[in-house]
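Residues per chain are reported as follows:
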Amino acid sequence: MTKSEIVAYVPGETSWWRKLFAIKTMEQLQGDIQNSEMKRTLNFFDLTSIGIGAIIGTGIFVLTGVAAAKNAGPSIAISFIVSGIAAGTAALSYSEMACMIPVAGSAYTYTYATMGELVGWTIGWDLILEYLVGAATVSVGWSAYFVEFIHSISGYKMSPKWTDAPFRYLDEEFSTTGNYINLPAVIVSLAITALLCLGVRESARVNSVMVSIKVVVVLLTIFACIKNINPDNYTPFFPPNEGKFEKFGVTGMLSAATTVFFAYIGFDAISTAAQEAKNPQRDLPIGICGSLIICTVLYIAVCFILTGVVPYKDYGGTAKPISVLIARTGMNWLNIVVSLGIIVGLASVMLILLMGQPRIFYAMAKDGLFPEIAAKVHPRFKTPWFTTIVSGVACAVLGGILPVDVLGEMTSVGTLFAFFLVNIGVIVLRFKRPDIERKFKVPLGPFVIPLLGAALSVLLICTASKSTIARLFIWMGIGLVIYAVYGRTHSKINNPHLARYDDEKVATQNELRGGAVSHLP
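Please read these numbers as outputs of a predicted model, since none were measured by experiment.

Caption draft 1: Quick look at the pattern of salt bridges. For the structure on display, the rule yields four salt bridges. Residue glutamate 96 is joined to arginine 430 by a salt bridge in which the shortest nitrogen-to-oxygen separation is 2.9 Å. Residue glutamate 96 is located in helix H6 (residues 76-100), and its partner arginine 430 is located in helix H17 (residues 404-432); the two are separated by 334 residues in the primary sequence. Exposure class is identical for glutamate 96 and arginine 430. Each is buried. Aspartate 283 serves as the salt-bridge partner of arginine 282, at 2.6 Å between the closest nitrogen and oxygen. Among the residues examined, arginine 282 registers a relative accessible area of 46% and is labelled partly exposed.

Caption draft 2: Layout of the packing of aromatic side chains. If you walk through the whole model with that rule in mind, you get 15 aromatic pairs. Through a chain of ring-to-ring contacts, the aromatic side chains of Trp121, Trp125, Phe361, Phe370, Trp475 and Tyr483 assemble into a single cluster. Between lysine 161 and the ring centre of tyrosine 180, over which it is positioned, the NZ or CZ distance is 5.6 Å.

Caption draft 3: How the structure looks around the packing of H6 against helix H13 (residues 280-309). Here H6 crosses H13 at 175 degrees, and the two axes come no closer than 9 Å. Overall, the two elements H6 and H13 adopt an arrangement that is roughly antiparallel. Contacts from Ile76, Ala77, Phe80, Ile81, Ala87, Gly88, Ala91, Leu92, Tyr94, Ser95, Ala98 and Cys99 in H6 reach Gln281, Leu284, Pro285, Ile288, Cys289, Leu292, Tyr299, Ile300, Cys303, Phe304 and Thr307 in H13.

Caption draft 4: Local environment of the side chain of threonine 221. With respect to the helices and strands, the residue threonine 221 is situated in helix H10 (residues 200-225). For threonine 221, a relative accessible area of 5% translates into the label buried. A polar contact is formed between the side chain of threonine 221 and the backbone oxygen of valine 217, at a distance of 2.9 Å.

Caption draft 5: The arrangement of helix H9 (residues 183-198) in detail. The terminal C-alpha atoms of H9, which comprises 16 residues, lie 24 Å apart, in line with the 22 Å expected from a rise of 1.5 Å per residue. Looking only at H9, the buried set comprises Pro184, Ala185, Val186, Val188, Ser189, Ile192, Thr193, Leu196 and Cys197.

Definitions and cut-offs
Residues numbered from 1 in each chain as written. Predicted model: local features only at pLDDT ≥ 70, side-chain atom pairs only at ≥ 80, totals over all residues. Heavy atoms only, no water. Salt bridge = Lys/Arg side-chain N within 4 Å of Asp/Glu carboxyl O. Helix = DSSP H or I, 4+ residues; strand = E, 2+ residues; numbered from the N terminus. Buried < 20%, exposed > 50% of the residue type's maximum accessible area, 1.4 Å probe, protein only. Phe/Tyr/Trp six-rings, centres within 6.5 Å; stacked < 30°, edge-to-face > 60°. Lys NZ or Arg CZ within 6 Å of the ring centre and 35° of its normal. Axes fitted to C-alpha atoms, helices over the stretch in contact; angles between N-to-C directions. Parallel < 35°, antiparallel > 145°, perpendicular 65-115°, else oblique. Contact = heavy atoms within 4.5 Å. Polar contact = N/O pair within 3.5 Å; in protein donor to acceptor, adjacent residues only side chain to side chain. Expected span 1.5 Å × (residues − 1).

Spelled out as C-alpha cells, the structure:
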C-alpha cells in the first residue's frame, strides 16, 4: 500500500460520495425480516384481492372518459393495452424482486439493495407521491359517484360548494372555482384511515368483500350494455390529430396511455405487504401477476363498451363516465346498482393505497431515513399507526382541495419512475448476486423484458405534460433537501453506531418478552 493510499484509507470511514450509494445487503434485509413486529397473516387469495382491489378503480371508473374525450377517442382501448404491457413488464420484475426481498418497502427496498441509498431514497420519496396522491385522486372520484348515487336514490342534489374542489386546472393554470371543499372525499379518507389502524388482516377481509362486489359490477356493466353498441362510434378509431401531441392521433393515444396508466397502479402495492405474507416466495408472484391479468382483460372490455355506446366526445371532462354510459342506455336501475358498486370499489382502492403508503414510511424509518416515530407499530393491532394517520390526513387534505386530472397525471408519472428503477434493479441483481435463490424469475433472461419495461416507462413519462413533469421534479427536489438535512446524517447503514443502538434496543425488548431473536452482526 502506497503512502497516499495509507493516508486515504481510514478504517470505518467512507467518502461522502460513496456513502450516497451505500447498498443495503441481502443479509441485512434478512435481518429486517427476522426482527419484524408485523404479523404474517396474508395468503395468495388475500394478496390477489389486494391487487384487484387497488387496480380496478379510478383509472377505469373516472379517468377513462376524460382520456377518451381529450386525447384518444375510441383508441383508448389501445392506450390500455400499451399501458398494460408496460405494467406487465414491471409486474414480472416486481415478482422476482418480491421473492428475493419479501420485506415492506416495495420499490424503495429493491432499489436500496441494488443501486444504493440515494437512489433508494429518491424512489421511496417518489412512492410517497404515488400512493398518497393516488389515494387522493381516488377520493375525488369516490365523491363524484357518491353524489350521483345520492341523487339517483333520493333526488337530492348535494351542493357543489361542498362536493367539488375549490381549485381547477385549465390551460396549465390554476384558478378558483368558488367552492369550499370536497367534503365527501375528506370523510371517506378519514374513515378508511381508521379501519387501517385496526389491523391488516381485518382490512384485507373488508377488501375481499369490496373486491367481489366491484368485479360483479364491472361484469354486469359489460353484459348489460353490450347490446347498445353502435359500430359507427368506433369510426375513426384514431381521430385525426389536432396539432398538439396529446390531441388525438397515434400520439394522442400514447398520451392517453400515460394518463390511464394510473389504472394499473395497485399490483405494486402487494409488495408493500410482503412482510405480512404467509408464504411470500410463492404467493407474491401469484398475487401480482394474477391480479394484473384479470384487470387488463376487464379494462379492455369496458373501453370498447364505453366508446361503442357513447360517442367519445360526449364524455367531455366528466369524472363519472360509467354514469354517462348507463344514462345513454336508459337503464336507470343499472345506474343505481353500478353507482353503489363503484362507491364500494373505489373505497377498496383507497384502502389498498393507504395501506401501502405507511409501509413505505415504515421501511424508510427502519433504515433511519425518517424519524423513529414513523416506524412505530401499535402494540395491539400491529400496524404502523402513526404513519397511517399522517397519510390519511394528508390524503383528506389533497382530495378536498385539488381536481382529479391534476392528481391523476402526477400519480402516473411517479409510478412510471418507480417501475423504471425496479426493471433496472432486476438486471443489476442478476449480475451482482446471481447466488441468491429466486423462486420466480423474469422469463427470457435478465435483459429482454426488464429493458423493454424500462424503455416503455421512459416513453410514457415523456408523453406527460410539461407542468406535470415540472411538479415531479419539484417534489423530488424537496425530497433531496430532506435527505441532505436529515436522512444522510441518520442513515443506519452509513452511521453504524445508530444501527448497533437499534439492535441492542430490540434485543433488550425481546429479552423482556422472554423470547430471543437472532441478530446479524
